[in-house]
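Each chain, written out:
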Amino acid sequence: MDMNGSMRIEAPREKVYAALNDPEILKQCVPGCDSIEKLSDTEMNAKVTLKIGPVKASFAGKITLSDLDPPNGYSINGEGTGGVAGYAKGGAKVALVADCEATILNYVVDAQIGGKLAQLGSRLIDSTAKKLAGDFFASFGAIVAPGAQLTEVPAAAAEAPAKKGWLGKIIG
Amino acid sequence: MAKINVTMTVNGEEVSGLAEPRTLLVHFIRETLNLTGTHIGCETSHCGACTIDLDGVSVKSCTRFAVQAEGSHIRTIEGIAHADGTLHQLQESFRQMHGLQCGYCTPGMILRAWRLLQENPRPSEDEIRHGISGNLCRCTGYQNIVKSIQHAAAALNGETFAEAAQ
Amino acid sequence: MNDMTPTREAREAKLEGMGCKRKRVEDVRFTQGRGNYVDDIKLPAMLYGDMVRSSYAHARVKRIDTSKAEKVPGVVAVITAETLKTVNLAWMPTLAGDVQMVLADGKVLFQNQEVAFVVATSLQAAADGVELVEVDYEELPVIVDPFKSMAADAPVLREDLAGKTEGAHGKRDHHNHIFKWQVGDKPLTDEAFNRADVKIDELISYHRTHPSPLETCQCVASFDKIKGELTLWGTFQAPHVIRTVVSLISKLPEHKIHVIAPDVGGGFGNKVGAYSGYVCAVVASIVTGRPVKWVEDRMENLSTTSFARDYHMRTEIAATKDGKVTGLRVHILADHGAFDACADPSKWPAGFSNIITGSYDFPVAHLCVDGVYTNKAPGGVAYRCSFRVTEAAYAIERGMDILAQKLGMDPAELRLKNFIKREQFPYQSALGWEYDSGDYHTALNKALVAVDYAGLRAEQKAKREAFKRGETREIMGLGICFFTEIVGAGPSKNCDILGLAMFDSCEIRIHPTGSAIARVGTKSTGQGHETTWAQIIASEIGIAASEIMVEEGNTDTAPYGLGTYGSRSTPVAGAAIAMASRKIKAKAQMIAAWLLEVHEDDLVFDIDRFQVKGVPERYKTMTDIAWVAYHSPPPGMEPGLEAVSYYDPPNMTYPFGAYICVMDIDVDTGVAKTRRFYALDDCGTRINPMIIEGQVHGGLTEAFAISMGQEIRYDEMGNVMGASFMDFFLPTAVETPHWETDHTVTPSPHHPIGAKGVGESPNVGGVPAFSNAVNDAFSFLGSTHIQMPHDAWRLWKVAEKLGVTG
């Protein structure tokens with residue numbers, strides 16, 4: 001599944017971009033994050049506890065940053081296994097657009113799950129992933145510049161020509 | 001994990017046993033009380049093989065913890081026949097109307113029908129079908145189960161059920 | 001004394017023999033919760049096993065760490081492939097000539113594959129242990145679509161087969177190819193197509209589903225170190241085969257293995273195979289010296305032990321313009337999952353799918369089947385059907401409807417025109433079978449009259465007009481299926497399992513007081529053998545069925561048999577029962593002749609006795625004879641009265657039937673309502689009409705489930721999406737239609753009592769009848785073929801695509 005969202009953060013792009021690369025900030029934003037350990041500039045080990053429907057599981061996994069393009073954006077991807085509960089993979093493509101002194105943060109998130117999580121919780125995945133992504137960026141915005149507003153754009157709406165999503169707005 | 005003493009009345013007798021807080025009622029009934037007529041067919045409360053009667057309602061015993069049944073009155077398939085050993089009309093009717101094949105769903109089905117006929121002594125076919133819709137059967141296609149319940153209802157009401165098992 | 005003798009009718013009634021609606025013996029215990037199923041077995045010091053399973057559909061297993069699990073209080077042992085290798089059991093042979101991992105050895109090939117087996121003192125402790133086994137996986141690319149299996153760049157699934165260009169069934173064309181199986185005359189068939197006036201060509205898929213008996217697969221293994229003996233209780237449809245397999249793979253001598261199948265809560269093909277859980281329980285019991293119980297949960301059952309179907313059948317029929325079929329050409333792509341664990345007789349990698357010419361007189365035909373590996377659970381069992389027969393019946397019955405639509409001909413008329421005629425039996429089919437007997441025209445005509453077919457077609461016509469005028473949002477479909485099954489595997493000349501000829505057996509002992517015990521090589525999983533086997537014996541030798549105990553499932557006491565599946569119990573074991581009875585009867589006749597001081601030929605058997613021809617008052621009942629057999633047998637004759645028969649059938653049997661389904665579909669919601677379902681079955685001689693009807697009801701309900709929604713679906717990552725009763729459609733009493741049953745009787749000419757078997761016919765015939773009804777409903781809107789399953793969402797999508805939704 002894919003979903004898009006957008007938010008305005010009252011801070012310059014450089015500051016937002018730096019925050020996106022700061023493990024301490026990421027730790028506060030990743031929902032259920034128990035620990036983050038930096039391995040290199042683009043790799044981190046993380047432990048996350050997630051609850052999807054009836055299944056609660058601790059995931060041990062890796063977060064990687066790629067497509068680094070300061071200060072325009074990057075991709076953040078995570079992958080983790082939760083033992084018998086299964087595994088989860090997810091990522092977000094983040095684009096930062098300057099808007100005077102502020103920054104518009106646009107994201108496209110995709111998530112995949114496998115194992116028991118997928119078998120039992122498939123009908124809960126979309127809503128859970130959407131909530132997790134929303135929580136992440138809301139926390140992020142609040143930390144970088146208190147008062148940031150999150151606008152979620154459903155994927156279907158983003159594709160519809162009548163209601164252009166952020167991508168549509170950018171490309172015109 | 002620490003165990004808790006649980007006491008309940010099962011088929012008219014007070015019984016007690018130790019159970020972990022996470023022990024399911026169906027496991028308590030089968031493993032601790034050794035009443036193996038109550039079966040397990042799924043773990044999502046869909047199949048009804050574990051149906052028992054608990055304080056006057058049909059309950060899927062795989063979806064209760066044993067500790068939740070503290071102090072309750074339970075009836076299982078082992079407690080359906082009369083005290084003198086003769087079969088309950090439903091047990092007789094299921095045999096007469098060929099309302100079972102592999103027998104795995106049968107205890108739950110009879111327990112559900114037992115409560116249904118107390119809730120509604122003269123159910124229509126439609127009411128029976130809805131009434132047992134929480135119990136799955138893989139063998140019979142339900143038609144003869146419905147007939148068995150109709151047959152039992154008629155007998156319990158002192159009426160005759162015309163349609164014999166074809 | 002003779003004046004006091006009951007009437008013949010009363011004597012006959014007392015027997016409760018064949019043809020009688022005898023009430024079931026089994027029900028007395030089942031209705032009181034006194035059945036004895038595997039999970040009811042509790043032995044002193046028994047341990048519980050639970051499986052660690054893979055979350056990934058395809059991955060390399062880099063590390064398994066069992067140390068934390070082993071520390072859990074109550075956990076006694078954790079078994080992995082490494083443990084199994086010490087006893088050479090990390091892999092096991094499959095029934096289809098392949099091998100299969102017992103526990104993941106280096107990699108996993110389907111989701112929920114068995115990775116480690118935790119053994120503990122309680123269910124709960126075992127589950128705790130499972131949580132703490134750590135497995136590191138390296139994900140590999142996944143194939144779930146069989147059409148992508150043989151792509152040039154498809155990932156290699158079975159690294160163990162690297163370089164092997166020959167499989168158990170000949171040449172492998174690709175690293176994910178299992179076999180190619182061909183039958184029929186290709187050049188002649190191609191020629192028929194070249195000359196044909198009319199042709200159809202359709203990909204007809206039969207989706208993946210699962211037998212899903214209400215009781216899952218389970219076992220208790222108990223190894224006695226002192227005696228060196230293993231006792232294995234399990235949910236087995238074929239206990240003797242399990243004993244031989246266990247002996248072959250464990251190297252324990254077969255006489256020291258006791259396999260017992262107690263009451264089994266439904267099988268439907270799910271309980272034929274040998275599964276990892278059984279092997280692990282056996283090994284765990286040997287390792288720990290304690291009994292070990294393994295019970296599958298529902299998710300494990302649906303996602304690992306033996307799926308059914310996943311056959312994709314490109315079906316072509318050639319015909320003349322007036323509707324005479326002239327050729328059939330079919331290519332099947334068979335998705336067998338990660339291991340070829342199909343439960344077919346050894347020489348038949350695609351089962352009896354060459355019954356695909358159905359009930360029609362095809363002069364030529366050609367069938368080619370390619371089996372492929374995917375990252376899905378292994379299996380391919382006969383879910384309430386003989387081997388791959390429901391797939392074949394579905395393809396041909398859909399194909400005939402598609403042809404009728406193309407010809408503008410009524411589907412009933414097309415069938416009547418092409419049926420094999422009564423006088424053509426025994427009939428040699430273009431794909432190699434000899435059909436034993438049939439009277440198809442009589443059966444279909446009876447069905448058409450019973451439902452007022454002409455009236456229904458007229459109503460449908462009127463409804464279609466009304467639909468076009470916008471006066472109704474409902475469309476009506478009439479589904480016809482005329483199936484021919486092939487059951488009763490089978491003759492030793494072409495049927496074996498692991499080299500064991502597919503005979504079956506019966507041993508009967510008459511006790512001195514005239515009651516009896518019969519032991520049979522089959523295993524009832526709900527069919528009521530304890531009831532019906534006694535009826536055959538009662539009719540054959542004149543002892544009341546109520547005086548005969550039938551015992552199955554204990555390999556120490558029952559004669560060797562190949563078990564119950566593929567509707568083989570009545571055709572094969574039923575024959576063995578009749579033949580064993582006749583041996584007893586022959587000896588009884590000698591005893592009676594001696595007692596009555598006449599020649600054997602001067603005696604005639606009458607219900608329950610031998611009497612002197614023309615002098616009915618001079619007789620000896622079977623009870624009299626039994627006593628004499630043990631007390632004072634004729635001089636020179638061995639005492640006792642017992643017999644064993646091993647029956648090797650000369651041919652299969654070919655039950656058939658005509659099913660008609662009337663359905664109304666709401667195009668705005670896709671909800672389909674079965675208004676009427678009429679099923680006429682011809683299973684030859686009918687042993688117990690009550691039980692036959694029950695079998696038909698059950699089989700039709702499974703057919704309804706399969707065609708209208710039941711599916712094991714996988715997403716592109718290999719997640720199995722139908723693995724619980726939340727997602728896997730099992731109809732309740734509310735959705736299940738009302739069934740009307742009927743019959744004709746065309747006995748099998750080669751079977752001792754003329755019976756053909758019935759348990760699976762309703763599934764084989766039911767699925768095409770439902771699907772044809774759905775397709776018939778939409779046909780006037782321009783639709784040709786709609787793939788199953790036909791759940792409301794999919795039907796709504798069809799209606800939407802056809803532009804008729806509101």
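Residues numbered from 1 in each chain as written. Chains lettered and ligands numbered in written order. Predicted model: local features only at pLDDT ≥ 70, side-chain atom pairs only at ≥ 80, totals over all residues. Heavy atoms only, no water.

**Regarding the overall build of chain C**
So, point 1. Along chain C, the regular secondary structure elements total 19 helices and 34 strands.
So, point 2. Its C-alpha radius of gyration of 28 Å places chain C within 12% of the 28 Å reference for a compact globule of 806 residues.
So, point 3. Overall, the C-alpha framework of chain C stretches about 85 × 75 × 50 Å when taken along its three principal axes.
So, point 4. For chain C, the share of sequence-separated contacts (at least 6 apart) that also reach a separation of at least 24 residues comes to 79%.
So, point 5. Put simply, chain C shows about 26100 Å² of open surface, and 54% of that area lies on carbon and sulfur atoms.
So, point 6. Averaging the locations of the 82 positively and 102 negatively charged side chains of chain C gives two centres separated by 1 Å. (Helix = DSSP H or I, 4+ residues; strand = E, 2+ residues; numbered from the N terminus. Rg over C-alpha atoms; globule rule 2.2 N^0.38 Å. Contact = heavy atoms within 4.5 Å. Areas by Shrake-Rupley, 256 points an atom, 1.4 Å probe, with all protein chains shown as cover. Lys, Arg positive; Asp, Glu negative; His and termini not counted. Charge placed at Lys NZ, Arg CZ, Asp CG, Glu CD.)

**Structural notes on the packing of aromatic side chains**
Residue and element names in this part refer to chain C.
So, point 1. Tallied over the full model, the rule gives 39 aromatic pairs over all chains.
So, point 2. Ring centres of tyrosine 206 and tyrosine 394 lie 5.5 Å apart, and the angle between their planes is 70°; this geometry places the pair in the edge-to-face category. Highlighted residues: tyrosine 206 in strand 12 (residues 198–209) and tyrosine 394 in helix 10 (residues 389–407), separated in sequence by 188 residues. In this pair, the class of tyrosine 206 matches that of tyrosine 394, namely buried.
So, point 3. The ring of phenylalanine 30 is capped by arginine 29, whose NZ or CZ atom sits 4.9 Å from the centre of that ring.
So, point 4. In this structure, arginine 609 packs its charged tip against the face of tyrosine 619, placed 4.0 Å from the ring centre. (Phe/Tyr/Trp six-rings, centres within 6.5 Å; stacked < 30°, edge-to-face > 60°. Buried < 20%, exposed > 50% of the residue type's maximum accessible area, 1.4 Å probe, protein only. Lys NZ or Arg CZ within 6 Å of the ring centre and 35° of its normal.)

**Notes on helix 10 of chain C**
Residues and elements named next belong to chain C.
So, point 1. For helix 10, which comprises 19 residues, the first-to-last C-alpha distance of 27 Å matches the rise-based estimate of 27 Å (1.5 Å per residue) to within 8%.
So, point 2. Among the 19 residues of helix 10, 17 are classified as buried, and the element is accordingly described as predominantly covered.
So, point 3. Positive phi shows up at glycine 408, right after helix 10, with a value of about 70°. (Expected span 1.5 Å × (residues − 1).)

**Structural notes on the arrangement of the chains**
So, point 1. Sorting the 2 pairs of chains in contact by contact count puts chains B and C at the top.
So, point 2. You won't find any contact between chain A and chain B; their C-alpha atoms come no closer than 10 Å.

**A short note on the sheet that holds strand 5 (residues 73–75) of chain B**
Residues and elements named next belong to chain B.
So, point 1. Pairing is mixed in the open sheet, where 5 strands are placed in the order 2-1-5-3-4. Of all the strands in the sheet, just strand 2 (13–19) and strand 4 (57–60) have a single pairing partner and so form its edges. Mean inter-strand twist for the sheet, computed between neighbouring axes without regard to direction, equals 40°.
So, point 2. One ladder, built from 2 bridges, connects strand 1 (residues 4–10) with strand 5; its direction is parallel. Its bridge partner lying in strand 5, threonine 9 is registered against histidine 73.
So, point 3. Contacting strand 1, strand 2, strand 3 (51–54) and strand 5, helix 1 (residues 25–32) crosses the sheet at an angle of about 105° to strand 2.
So, point 4. Where helix 3 (residues 106–119) meets the sheet, it contacts strand 3, strand 4 and strand 5, and its direction lies at approximately 35° from that of strand 3. (Pairing = 2+ DSSP bridges. Axes fitted to C-alpha atoms, helices over the stretch in contact; angles between N-to-C directions.)

**Considerations on the interface of chain C and chain A**
So, point 1. Counting from both sides, the interface comprises 17 residues of chain C and, opposite them, 17 residues of chain A.
So, point 2. In total, about 1500 Å² of surface goes out of reach between chain C and chain A, with carbon and sulfur atoms giving 51% of it.
So, point 3. Ranking the residues of chain C by area buried against chain A places Ser55, Met299 and Met717 of chain C at the top, with a combined share of 34%.
So, point 4. Between the two partners, chain C and chain A, sit 1 salt bridge.
So, point 5. A salt bridge links lysine 89 of chain A to glutamate 139 of chain C; the shortest N-O distance between them is 3.1 Å.
So, point 6. For the pair chain C and chain A, the interface holds 6 residue pairs in polar contact (both at pLDDT 80 or more).
So, point 7. Looking at side-chain class alone, the side of chain C that touches chain A contains 8 nonpolar, 5 polar and 4 charged residues. (Buried area = accessible area lost by both parts, 1.4 Å probe. Salt bridge = Lys/Arg side-chain N within 4 Å of Asp/Glu carboxyl O. Polar contact = N/O pair within 3.5 Å; in protein donor to acceptor, adjacent residues only side chain to side chain. Nonpolar A, V, L, I, M, F, W, Y, C, P; charged D, E, K, R; others polar.)

**Considerations on the side chain of threonine 304 of chain C**
So, point 1. Relative to the helices and strands, threonine 304 of chain C is located in the loop between helix 9 (298–303) and strand 17 (308–319).
So, point 2. Excluding anything up to four places from it in sequence, threonine 304 of chain C contacts Arg53, Phe110, Asn112, Glu114, Glu296, Ala377 and Pro378 of chain C.

**Concerning the packing of helix 17 (residues 689–708) of chain C against helix 18 (residues 761–779) of chain C**
Residue and element names in this part refer to chain C.
So, point 1. The contact between helix 17 and helix 18 brings their axes to 8 Å, and the two run at 45°. In terms of axis orientation, helix 17 runs oblique to helix 18. Judged by the twist between their axes, the crossing of helix 17 over helix 18 is right-handed. Across the interface between the two elements, Gln695, Val696, Gly699, Leu700, Glu702, Ala703, Phe704, Ile706, Ser707 and Met708 of helix 17 pack against Pro762, Asn763, Gly766, Val767, Phe770 and Val774 of helix 18. (Parallel < 35°, antiparallel > 145°, perpendicular 65-115°, else oblique. Left-handed = near helix turned anticlockwise from the far one by under 90°.)

**Some details on the confidence of the model for chain A**
If pLDDT is low for a region, its predicted coordinates should not be looked at in detail.
Residue and element names in this part refer to chain A.
So, point 1. Per-residue pLDDT for chain A has a mean of 80; in total, 81% of the residues score no lower than 70.
So, point 2. Averaged pLDDT values over the elements of chain A bottom out at 41 in helix 5 (residues 166–171) and peak at 92 in helix 1 (residues 13–20).
So, point 3. In this model residues 154–172 is a low-confidence stretch, pLDDT under 50, and it forms 19 contacts with partners more than four residues away in sequence or in other chains. (pLDDT = per-residue confidence, 0-100.)

**Some words on helix 12 (residues 440–451) of chain C**
All names here are of chain C.
So, point 1. Here helix 12 contains 12 residues, and its C-alpha end-to-end distance of 17 Å stays within 8% of the 16 Å for a straight helix at 1.5 Å per residue.
So, point 2. Buried within helix 12 are the following residues: Tyr440, Ala443, Leu444, Ala447, Leu448 and Val451. Axial view of helix 12: buried residues confined to an arc of 130°, hence all on one face.
So, point 3. Next to the buried residues of helix 12 lie helix 11 (411–418), strand 21 (434–435), helix 13 (453–468), strand 22 (474–484), strand 32 (656–666) and strand 33 (672–682).
So, point 4. Taken from the residues just after helix 12, aspartate 452 is the one with a positive phi, measuring 55°. (Arc of directions from axis to C-beta.)

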